[in-house]
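Below are the chains, spelled out letter by letter.
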Amino acid sequence: MPRPSSAPKTHTGLSRRRVVIIVVIALIVIGLISLRALATFYTDALWFSSVHLSSVWSTLLGVKLGLFFVFGAVFFVLMWANLFIADRLATWTKLIGPEDELVRRYQQTVEPHARWIRIVLSLLFALVAGLTALGQWQHWLLFSNGGSFDKVDPQFHENVGFFVFKLPFLSFLVGWLFTSLVVVFVMTAIAHYLDGGIRVQGQGPGPRVNPRVKAHLSLILALMALVKAFGYYIQRYSLDMSTSGYVEGAGYTDVHARLPALNLLILISLAAFVILVVNIWRRGWTLPVLAVGLWAFVALVIGAIYPAIIQRFKVAPAQDALEQPYIARNIAATRYAFGINHVRQVPFQGGSNLTASELEQHSSTLSDVRLWDPSLTTQTYQKLQSLRSYYEFTDLAVDRFKVNGQLVPAVVGVRQINASDLPDESWVNRHLQYTHGYGAIIAPANTATGDGDPVFDVGDLPPTSANGFPKITQPNVYFGVAGPGTNASFVVANTRQPELDYQLPDGANVESHYRGDGGVQLSSVFRRAAFALRFGDLNLLISDLITPQSRIMFVQDVQSRVSKAAPFLQLGTNPYPVILNGGIYWVVNAYTTSSHYPYSQTPNTTALAPGSYLPGNFNYVRNSVKVLVSAYTGQMTFYVTDPHDPIIQAYERAFPHMFTPASHMSTQLLDQLRYPEDLFTMQSQLYGRYHITNPEAFYNAGDAWTLSESPGNGSPSAALATTTPTNAQGLPIGPTQVQRMTPIYQVMTIPGESSPSFNILDAYVPVAQGSQIQTLSGFMVAGSDPSNYGQLTAFVTPSGDSIDGPALIDSRISATPSVSKVITLLGQNGSSVLLGNVMVLPIDNSIVYVRALYVQSSRNSLPEIKDVIVVHGSQAAIGATLPDALAGVFPGYAGITSNPTSSSSPGSIPASTSPKVQQLLAEASSAYQQAQADLKSGNLGGYQQEVNQVGTYLSQAQQAASAAPSSTTTTPSSKAPSDSSASGPPASASMTAAKTRSSKSPTTTTTVNPADQA
């Protein structure tokens, strides 16, 4: 007999072989993914240990796993028990109809394995249910550790702590239970159908629904009704966060319609529960239909229609009267929740009658005017001080330093590694050699060289310090602010490969090996393998340059670092550097927030700076923590700066070894703290409306303020930036509008004070449709110095007075011919003009606006200060120096009295008492006057010639002054270390004379009273 064809067997064999191969490949892929997940889990544990926060990691892990398993187990028991009961109640009736084919097949093939199917099905659903609970870890932490506030809500007379700590988790619990019961009900009904307990049609013997099935389903429905009753009870408290009224919180309709409706729905739900329990014995359909129908009717009519009728026909026609008690509640709650209930409000005339003699009495304020706008001039600092392509200044901060007893406004930057522009993109270069940045820069913000460049009192490589500014003795920067060129993965320090610090002028490298305790030590092959898996980089495992003493550093961005260590805190924008004991550190502002503070208003967050981590939906905030991060080790210290905040108290109980009292801060650190921009923006914005405490006046909003429109900075011809209000989901909720003014940090003497301090300021204009009114309503100031930190002061101008706000200043500048002509002239022949921030200077109950003008080459961006613009009232003037511009607005102004220790200023020159210098200054003065005459007559060619002649005379005077044996202050070379304690006092006056610094020789600085200049 012929053999049977073997083709089918071959086909079957190939199919099986393919299946085996596919399964093996799938297992390998799953194994690799699992290994990488395990490697990430293990290396995260090592990371938390390296920053001494293992207890935080274990607590968070325990809470998340606990929620997952507890809620998953509860759902598993619910599902499995009901499927088990359904199986025991199965009625194996004869299936005769075609519609029963699916059930017949199920009973023939699946039912024998019903036990395992119940387990697997319950496990799958339990997995999903557990994962939904896992995301509630933060609410559980607050629920289990939260205490109380010193406030009680005015509607239910419950402590605010119940709303903030208990209500969010209870609301989730009720919603989770109800949803779980709905899923269990549906799956149980399907199980009864497949088991024959529910028939689609009434063919064959027996009822369509088995009575025992009715009893079972009635029990589940009864539990749902009971949970719903508790849900309505909890929902009553949520009315305190209602958004349906004139302001947030329970309004008239909520209290008089929705609250009674919820109380009635509680009774209806309890009645439905009783009815459904009774139906367990009655086993009919009448009672369940009655219970569900009654609930649906009441929920629709009483819960939705009735409140809508009350709102439309009773509240809307008399809203101002009916809503007043609830507006009063909202005002009190919002002012407390955002810390604006203790704002000091001071009248401020803001007149335009300031005289030259009065102005001269405020030389300290004028000498501290910040002329450098870091947002526009980053390229200047970058090109003058980055020094190598592989360094960058990711961000520049405005700060102040107390040097020799005086506050000096300064621009501070940290020189970080730019991994995207290395000389060679090799693995060794990227991860082992170019591991860190080096040093920082500090440049007085009120001074410039004769060429209009910053004066770097701290800078260069290696870092040098002059004029009393702090020394940097540990300049290595391994942790910083993420930028375009930041290494997003990792670096390995202390390997056999020396790490580059900087290069000498002759090209030789200055190298070192890391000696700190930052990062995770690669002390074993196992650790190296784990990190190789995490980053998908085999070199970490096989490189012979890595030793057991090497340390891998990842999560190097300080904001990401803090967020990873404390995911329960919200972070602000713009971490800023501080110099402490010769080391470089970063300060990160961290906030505690809640969206459940009763009756408080949710702010519009569009005014926040881009990149803010603050959530879009919160109605309570405190800057409870300031995190100090070492740029060398990455170690974090979480200082509690608002110990009275109940939310941070809850986190202190949850993580008892994480936080440090602010009283442990060093004096050096306290002197460099800044009041956070994000918090100040929110407070300023809300206070514009909530300075009105009378409910009737609040409703009318006749005296409401809003933050001033931005006057813009940058090119004079550029359109103003715009923004669109959005809700918490990012959807637009209003028309596009001009971006609001960004708060400005500046050293100034607050009206009523006798000495300058470091403050942040924002301006108000009246609320108007389309923001058409731009006159000044006032301005808010927050102190940042230890003596006045956090003190909010609102200076309010007289109602009805027409005082130009910041946005009008831009128009005033453009409309002044003598100013606009200079701008036009400087913006020609390959140059472009940039206008800096509008600085608001309150002086003697008047406002003086100062704005720096920068010029840069169109081919090579290097903005330099060339002129200063001053505006007061309707007068605007431009000058090469601030005294010049002030003299143009205030005739007879004699100039700023120089601090005898000041160093430099834009457009000014050294002075000497020698006759030759005096003659050159006189000639420069004559040429300058002629230039102004040419400018007024429109003779731009003559103007340019005279300006060039002025420069020639000033240059000659500068040389003569340098050669003359006049009294001088010598600044050490920027290329050699200097003793900051022995150096000259700070450059605190904005319009004093300086000679352009040389990078290779000492700089001679001569002080001069600008009143003696031409």
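Calculation rules
- Within each chain, residue numbers correspond to sequence positions counted from 1 in written order.
- pLDDT decides what is reported in this predicted model: residues at 70 or higher carry local features, side-chain atom pairs at 80 or more are listed and counted, and totals for whole chains, interfaces and linings draw on all residues regardless.
- Excluding hydrogens and water, the side-chain values take into account all heavy atoms of the structure.
- Each helix is a run of H or I in the DSSP string that is no shorter than four residues. Each strand is a run of E no shorter than two, and both are numbered from the N terminus.
- We call a residue buried when its accessible area falls under 20% of the maximum for its residue type, exposed when it is over 50%, and partly exposed in between, using a 1.4 Å probe and counting protein chains only.
- Only heavy atoms enter the contact rule, under which two residues are in contact if any of them lie within 4.5 Å.
- Residue-level accessible areas treat just the shown protein chains as cover; the underlying method is Shrake-Rupley with a 1.4 Å probe.
- A pair of strands is considered paired only if DSSP assigns at least 2 bridges between the two.
- Residues adjacent in sequence count toward polar contacts only when both atoms are side-chain atoms; beyond that, a polar contact is any pair of N or O atoms within 3.5 Å, and within protein one must be able to donate a hydrogen and the other to accept it.
- Each direction from the helix axis to a C-beta atom contributes to the arc, which is the arc of those directions.
- What makes a nonpolar core is a set of buried Ala, Val, Leu, Ile, Met, Phe, Trp, Tyr and Cys residues whose side-chain atoms join them at distances within 4.5 Å.
- By definition, pLDDT measures how confident the predictor is in each residue, and it falls between 0 and 100.
- Pairs were defined over the aromatic rings of Phe, Tyr and Trp, the Trp ring being its six-membered one, requiring ring centres within 6.5 Å. Orientation was assigned from the angle between planes: stacked under 30 degrees, edge-to-face over 60, tilted for the rest.
- By the criterion adopted, a ring carries a charge over it if an Arg CZ or a Lys NZ lies within 6 Å of its centre and within 35 degrees of its normal.
- Structural elements are reduced to axes, namely lines fitted to C-alpha atoms, with helices fitted over the stretch in contact, and the angle between N-to-C directions of any two is expressed from 0 to 180 degrees.

Quick look at the overall build of the protein
In terms of helices and strands, the protein carries 27 helices and 34 strands. For the protein, with 1014 residues in total, the buried portion stands at 53%. Restricting to contacts in the protein with at least 6 residues of sequence separation, those with at least 24 account for 71%. Here the protein has roughly 42,700 Å² of accessible surface; of this, 57% comes from carbon and sulfur atoms.

Some points on the sheet that holds strand 14 (residues 520–521)
The three strands lie next to each other as 11-15-14, forming an open sheet whose pairing is antiparallel. Strand pairing shows two members of the sheet lacking a second neighbour, strand 11 (490–493) and strand 14, which therefore form its edges. Strand direction decides the pairing type here: strand 14 and strand 15 (residues 551–554), joined by two bridges, are antiparallel. Each residue of the ladder has a partner; that of Gln521, found in strand 15, is Arg551.

Thoughts on the environment of Met780
Structurally, Met780 can be placed in strand 27 (residues 778–783). Here the alpha-carbon distance between Met780 and Ser684, two residues 96 residues apart in the chain, equals 6.5 Å.

Focus on the side chain of His596
Examined against the element boundaries, His596 turns out to sit in the loop between strand 18 (583–594) and strand 19 (620–630). At a separation of 3.2 Å, a polar atom in the side chain of His596 contacts the side chain of Ser595. Once residues within four sequence positions are removed from consideration, His596 is found in contact with Phe163, Val164, Leu167, Pro168, Met241 and Asn619.

Structural notes on the environment of Phe490
Note that Phe490 resides in strand 11. C-alpha separation for the pair Phe490 and His431, spaced 59 residues apart in sequence, amounts to 6.6 Å.

Details of helix 23 (residues 806–815)
Because an α-helix packs 3.6 residues into every turn, residues spaced three or four apart end up facing the same way. Buried within helix 23 we find Pro806, Ala807, Ile809 and Ile813. Looking straight down helix 23, one finds that the buried residues subtend no more than 160° of arc, so they occupy a single side. Contact partners of the buried residues in helix 23: strand 26 (757–766), helix 24 (817–826), strand 29 (831–843), strand 30 (846–857) and strand 31 (864–872).

Concerning the environment of Gly879
Relative to the helices and strands, Gly879 is located in strand 32 (residues 875–879). Linking Gly879 and Val822, residues 57 residues apart in sequence, is a C-alpha distance of 9.6 Å. Ignoring sequence-local partners within four residues, the contact set of Gly879 consists of Asp867, Val868, Asp884, Ala885 and Tyr928.

Quick look at the nonpolar core
Among the nonpolar cores identified, the biggest contains 168 residues, and Met636 and Phe638 are the most heavily contacted of them. In terms of residue count, helix 6 (residues 160–194) provides more of this core than any other element does, 15 residues in total. The contacts of Met636, once residues within four sequence positions are left out, are Trp47, Val51, Leu53, Arg561, Val562, Ala565, Val627, Leu628 and Val629. Membership of the second largest hydrophobic core comes to 64 residues, among which are Leu359, Leu366, Ile744 and Ala763.

A short note on the confidence of the model for the protein
Looking at the protein as a whole, the pLDDT averages 83, with 82% of positions reaching at least 70. Residue range residues 897–913 is modelled with pLDDT below 50. Its contacts to residues more than four positions away, or to other chains, number 82 contacts. Here residues 964–1014 scores under 50 on pLDDT; set against residues more than four positions off or in separate chains, the count is 160 contacts.

Things to note about the packing of aromatic side chains
Applying the stated criterion across every chain, the model contains 53 aromatic pairs. Aromatic pair Trp705 and Tyr764: ring centres 5.0 Å apart, planes at 45°, arrangement tilted. Of this pair, Trp705 sits in strand 22 (residues 705–707) while Tyr764 sits in strand 26, and the two are 59 residues apart along the sequence. Each member of the pair, Trp705 together with Tyr764, is buried. Every member of this aromatic cluster is reached through a ring pair, and the members are Phe71, Phe75, Phe125, Trp140, Phe143, Phe169, Phe172 and Trp176. Across from the ring centre of Tyr336, 5.2 Å away, lies the NZ or CZ of Arg622, which sits over that ring.

Some thoughts on the sheet that holds strand 31
In space, the four strands of this open sheet follow the order 29-30-31-32, with antiparallel pairing throughout. Where the open sheet ends on each side, the last strands, each with one partner, are strand 29 and strand 32. Going across the sheet, the axis of each strand differs from the next one's by a mean of 20°, ignoring polarity. Alignment of strand 31 against strand 32, held across five bridges, turns out to be antiparallel. By the bridge assignment, Val870 is partnered in strand 32 with Ala877. Along the sheet, helix 24 makes contact with strand 29, strand 30, strand 31 and strand 32, crossing strand 32 at roughly 35°. Docked against the sheet, helix 25 (residues 882–889) engages strand 30, strand 31 and strand 32, running at close to 150° with respect to strand 32.

Some thoughts on unusual backbone geometry
Across the chain, the bulk of peptide bonds are trans and the bulk of non-glycine residues have phi less than zero. Backbone torsion omega between Leu461 and Pro462 reads -5°, so that peptide bond is classified as cis. Secondary-structure assignment places Pro462 in the loop between strand 8 (458–459) and strand 9 (464–465). The backbone of His157 shows a phi angle near 60°, a positive value even though the residue is not glycine. With respect to the helices, strands and loops of the structure, His157 is situated in the loop between helix 5 (137–145) and helix 6. Its relative accessible area of 61% is what places His157 among the exposed residues. A positive phi angle is found at Asn581, which is not glycine, with a value near 50°. With respect to the helices and strands, Asn581 occurs in the loop between strand 17 (576–580) and strand 18. Look at Asn581 and you get exposed, because its relative accessible area is 65%.

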